[in-house]
Amino acid sequence: MTERTTVTPDPALAAGSGDRRSRMPSRRRRAHAGRIGRVHPLVALLWLAPALVLILGVVLYPALKLFDASRGEYSITGLRKGDAGWSNYAKVLEHPDLGTVLRNTVVWVVAVVAFTIVLGLALAQFLVKSFPGRRFVRWAVIIPWAASLVITSQLFVLLYDYNYGIINHVLTSLHVIDTPIDFLGNDSWTMFSMVVVGVFVSLPFTIFVFIAGLGAIPDDVMEAATVDGASPWQRYRSITLPLMRPALMIATVLNVIYVFNSFPIIYTLNDRNPGYLHDTTITFMYKLAFKSQEKDVGMSAAAGIFNVLLILVVVAVYLKIINWREETSR
């Protein structure tokens, strides 16, 4: 019968081997984490494929077709007769009504976005307060945004009507005016009437963006400012507005793009007026192809390219100004 011998390991060696064992898994974990962090380009491309296909099909391909159409010569029925080079762009720049259209576009976008931001911020401040029926008021606010723009615009055509419109009826009944106002036929009232509709349909989205921004402001910050003795205006100017800057930027940029490209409102309210006296660049482009004496698809496509470039420049300038203000305020 053999005796079992028990070998006692050296404590120093045991400690050293323990340190090596404790270090080895750590190195393996780091190497494994590095392998996980590196994704193969084909795998990443596979995950991005649906978004890339959507971008190619919805954005890039139409843009290329629009550019191709802008360099073509078309018959009055829309059939391509050949290449026109850059002559369509020259025709658009030389159009006698281009200055009027650009001025209308600036007035339309600036007026609608400015009034929408100011009124939206005021209404959002009211709708974040707790009062009976707040939920139903919020539901009612969202209706103009959910409704079709064509239907909303046509509704305002009926409201603005010279003979049977409710607005003229109410104003004359209250003896505010003696004779009805031709809101859509009088040149001095047409742009104002369109701006009112533009603000009306732009407010719901803007209000809810501001409600989300106001809800993200921490209550303890406002409470601390109140304890420090800040007045309501000081709290609003020094705390609320700076913390609302991301929401303000999002609402402004999206409203500029949305209002600039708003075709149904301008076309529906201004359809009865001939020429381009109250048109913006988006309806100007449409009329060049289908309603003007030119009836030129190539010119219309060239105007569309100018529209895309114009809105990109406006948004880029706005974002640059915002970034500059943030850097100077630091």
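Residues numbered from 1 in each chain as written. Predicted model: local features only at pLDDT ≥ 70, side-chain atom pairs only at ≥ 80, totals over all residues. Heavy atoms only, no water.

1. Quick notes on the overall build of the chain
For clarity, the threshold we go by: The secondary structure listing takes helices from DSSP runs of H or I that are at least 4 residues long and strands from runs of E that are at least 2 residues long, numbered from the N terminus. Any residue under 20% of the maximum accessible area for its type is buried, any over 50% is exposed, and the rest in between are partly exposed; the area is computed with a 1.4 Å probe on protein chains only. Only heavy atoms enter the contact rule, under which two residues are in contact if any of them lie within 4.5 Å. Each accessible area value is a Shrake-Rupley result obtained with a 1.4 Å probe; residue values ignore everything except the protein chains displayed when judging cover.
Counting its secondary structure elements, the chain contains 14 helices and two strands. For the chain, buried positions account for 32% of its 330 residues. Across the chain, the fraction of contacts at a sequence separation of at least 24, relative to all contacts at a separation of at least 6, is 63%. When the accessible area of the chain is evaluated, it comes to approximately 21200 Å², of which 67% is carbon and sulfur surface.

2. Regarding the packing of aromatic side chains
The condition that has to hold: For Phe, Tyr and Trp, rings pair up if their centres lie within 6.5 Å, where Trp contributes its six-membered ring, and each pair is then called stacked (planes under 30 degrees apart), edge-to-face (over 60) or tilted (otherwise).
Applying the stated criterion to the full structure yields 16 aromatic pairs. Consider the rings of Trp 189 and Phe 192, whose centres lie 5.7 Å apart with planes at 80°: the pair is edge-to-face. With Trp 189 and Phe 192 both in helix H8 (residues 187-215), this residue pair falls three residues apart, about one helical turn. Relative accessible area serves as the criterion here: at 48%, Phe 192 is assigned to the partly exposed category. Ring pairing ties together the aromatic residues Phe 156, Tyr 160, Phe 183, Trp 189, Phe 192 and Phe 200, which thus form one cluster.

3. Section: a nonpolar patch on the surface
The test is simple: To count toward a patch, a residue needs a relative accessible area over 30% and no salt bridge; like charges are then connected within 9 Å, while nonpolar side chains (Val, Leu, Ile, Met, Phe, Trp, Tyr) are connected within 5 Å. A pairing counts as a salt bridge when a side-chain nitrogen of Lys or Arg comes within 4 Å of a carboxyl oxygen of Asp or Glu.
Taken together, the side chains of Leu 42, Leu 45, Leu 48, Leu 52, Leu 54, Ile 55, Val 58 and Val 59 define a hydrophobic patch exposed on the protein surface, amounting to about 770 Å² of accessible area. By the element assignment, Leu 48 lies in helix H2 (residues 41-70).

4. Looking at the side chain of Asn 104
Of note, Asn 104 is situated in helix H4 (residues 98-127). Residues contacting Asn 104, with those up to four places away along its chain left out, are Met 191, Tyr 276, Leu 277, His 278, Asp 279 and Thr 280.

5. Digging into the pairing of strand S2 (residues 80-83)
Heads up, the rule is: Two strands form a pair only when DSSP identifies at least two bridges running between them.
Examined bridge by bridge, strand S1 (residues 72-74) and S2 share three bridges and lie antiparallel to one another. Its bridge partner lying in S2, Glu 73 is registered against Gly 82. Counting the residues in the hairpin turn of S1 and S2 gives five residues, including Gly 78, whose phi is positive at 95°.

6. Quick word on the confidence of the model for the chain
This is how it is decided: For every residue, the predictor states its confidence as a pLDDT score lying anywhere from 0 to 100.
Per-residue confidence for the chain averages 82 on the pLDDT scale, and 86% of its residues sit at or above 70. The weakest mean pLDDT in the chain belongs to helix H1 (residues 11-37) at 50; the strongest belongs to H4 at 93. In the predicted structure, residues 1-7 sits below a pLDDT of 50 and forms zero contacts with residues beyond four places in sequence or in another chain. Here residues 17-24 is a poorly scored stretch, pLDDT under 50, and it has zero contacts once near neighbours within four places are set aside; other chains count.

7. Thoughts on the nonpolar core
Nonpolar side chains tend toward joint burial in soluble globular proteins. This is how it is decided: As used in this record, nonpolar core signifies buried Ala, Val, Leu, Ile, Met, Phe, Trp, Tyr and Cys residues forming a set joined through side-chain atoms within 4.5 Å.
Ranked by size, the top nonpolar core spans 43 residues in total, and within it Trp 108, Val 109, Val 195, Ile 207, Phe 210, Met 244 and Leu 269 carry the most contacts. Sorting the residues of this core by element identifies H4, helix H6 (149-160), H8, helix H11 (245-260), helix H12 (263-270) and helix H14 (297-329) as the ones contributing at least two each. Tallying contributions element by element places H8 first for this core, with twelve residues. Non-local contacts of Val 195, meaning those with residues more than four positions away in its chain, are made with Trp 108, Ala 111 and Val 112. With eleven residues, the next largest nonpolar core counts Tyr 89, Leu 98, Tyr 276 and Ala 302 among its residues.

8. Remarks on unusual backbone geometry
Within the chain, His 175 stands out as a residue other than glycine whose phi angle is a positive 60°. Relative to the elements of secondary structure, His 175 occurs in the loop between helix H7 (166-173) and H8.

9. Observations regarding the pattern of salt bridges
Following the criterion strictly, the structure yields five salt bridges and no others. A salt bridge links Lys 81 to Glu 73, with the shortest nitrogen-to-oxygen separation between them at 3.8 Å. We classify Lys 81 as exposed; its relative accessible area is 57%. Look at Glu 73 and you get partly exposed, because its relative accessible area is 38%. Of the charged contacts in the structure, one is a salt bridge between Lys 287 and Asp 279, with a shortest N-O distance of 2.8 Å. Of the residues examined, Lys 287 reaches a relative accessible area of 7% and is grouped as buried.

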